[in-house]
Amino acid sequence: MSSITRRNLVISAATAGAALGLGGPIEFIGTAAAQKALGTDLKKSKSFKLGDLQVTTVYDGIWEKAHDANFIKGVSIDETKKALAAAKQTDAFVPITFTVTIVKRGNDYIMFDSGTGGQASPKAGELAANLKAAGIDRDRIKTIIVTHYHGDHIFGLMEKGTNAQVFLNAEIIVPAAEHKYWSDPAVLAKLPEARQGLAKRVQATLATWKNVRPFEGGKEVVKGIRPIPAHGHTPGHTAYLVTSGRNQLIVSADATNIPALFVRHPTWQAAFDQDADMAVASRKKLFDRAVADGVIVTGYHWGLPGAGRLKKDGSGYVYMPIA
Ligand SMILES: [Zn+2]
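Note that the structure is predicted; figures quoted are calculated from it, not measured.

**Student:** Which parts of the structure should I look at to understand the pairing of strand 13 (residues 316-321)?
**Tutor:** Of the pairings in the sheet, the one linking strand 12 (residues 307-313) to strand 13 comprises 6 bridges and is antiparallel in character. Residue pairing for strand 13: lysine 311 is matched across the bridge by valine 318. Turn length for the strand 12-strand 13 hairpin, with the two strands adjacent in sequence and antiparallel, is 2 residues, and the turn residue glycine 314 shows positive phi of about 60°.

Rendered as structure tokens:
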């Protein structure tokens, strides 16, 4: 690897860390073995029916997160590797994928979060291409519902460099608690350095955009879609319940990160969770509800198909992806 490429990789890694709200040095690995472990036959989207609605999960890419002893509180790299291997995933790195949930009602598309915009990992930013391949015209996405303001969820709303809006004609619906937190100039003094860039970018973009609609409370944000507060990952992190007739779907966003680690071990606390104890409580509450109601759940970091049912298993849960 040339020194220039190497330098670019490290810079990109630092960007990814900041985007995901992580402090400390992070490096990507790019070995041939790791490439192979990703699977060359990875499909880029998955569609299924939910009553009258069509749900599509669309892949945006991956962050091959290097192992780091501080990633999961009190859990060693060896234990992390074992959990990945138990789920038949590569343990060469932590495979953090990005997958966006899109609901189609009639001719309208509603998208949850925006993908990374290619600004959170050198191996992510495929959303636009994969939407096209899935037959979804990006210009027809008129409603975007945001779960929280971490970069891997909102950078797809803004152009790299200029911060210009990508979805100028969409209404962007956001949890008021999340919006207020990151939009407040006073938050900068409270945040670790690694998260300050994110707050500054929110303040230069979403905080000033006219098509952003913050909502309070638990009422429907659009017809058939209701917020479920799931705070902890961030102060205003919100999941959503999508209903069509008797059918329900929970868009769980980052109530958990990758299933192999945090669905199986819901008390494991990732460095991404801002208030880790609250995040664990929110995760269990949301998952217990999903198990009790037998509903399909989508997860932003679950890879494809990115949707499935959960069942309780001892102290953890098992994720059963849809076929
Ligand atoms: Zn995330």
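Structure shown, so let's carry the discussion forward.
**Student:** Would you explain unusual backbone geometry in this entry?
**Tutor:** In most cases, non-glycine residues show a negative phi, while peptide bonds are predominantly trans. The omega angle of the peptide bond from leucine 304 to proline 305 is 5°, so this bond is cis rather than trans. Note that proline 305 resides in the loop between strand 11 (296-298) and strand 12. Here aspartate 113, not a glycine, exhibits a phi torsion of approximately 65°, which is positive. By the secondary structure assignment, aspartate 113 is in the loop between strand 4 (108-112) and helix 4 (127-133). Accessibility expressed as a C-beta count within 10 Å gives 27 for aspartate 113, which makes it buried. With a phi angle near 50°, alanine 253 is a residue other than glycine that sits in the positive phi range. Structurally, the position occupied by alanine 253 is in the loop between strand 10 (247-251) and helix 8 (259-262). On the neighbour-count criterion, alanine 253 (28 C-beta atoms within 10 Å) is buried.

**Student:** Any chance you could explain the confidence of the model for the protein here in plain terms?
**Tutor:** Should the pLDDT be low somewhere, the predicted coordinates at that spot are not to be read in detail. Residues of the protein with pLDDT of at least 70 account for 87%, and the chain-wide mean is 89. Below pLDDT 50 for its whole length, residues 1-18 participates in 20 contacts with residues either more than four positions away or in separate chains. Confidence over residues 21-41 falls short of pLDDT 50; this stretch has 42 contacts with residues more than four positions distant or in other chains.

About the cut-offs
- Residues numbered from 1 in each chain as written.
- Predicted model: local features only at pLDDT ≥ 70, side-chain atom pairs only at ≥ 80, totals over all residues.
- Pairing = 2+ DSSP bridges.
- Helix = DSSP H or I, 4+ residues; strand = E, 2+ residues; numbered from the N terminus.
- Buried ≥ 20, exposed ≤ 12 C-beta atoms within 10 Å, placed from the backbone.
- pLDDT = per-residue confidence, 0-100.
- Contact = placed C-beta atoms within 7 Å.

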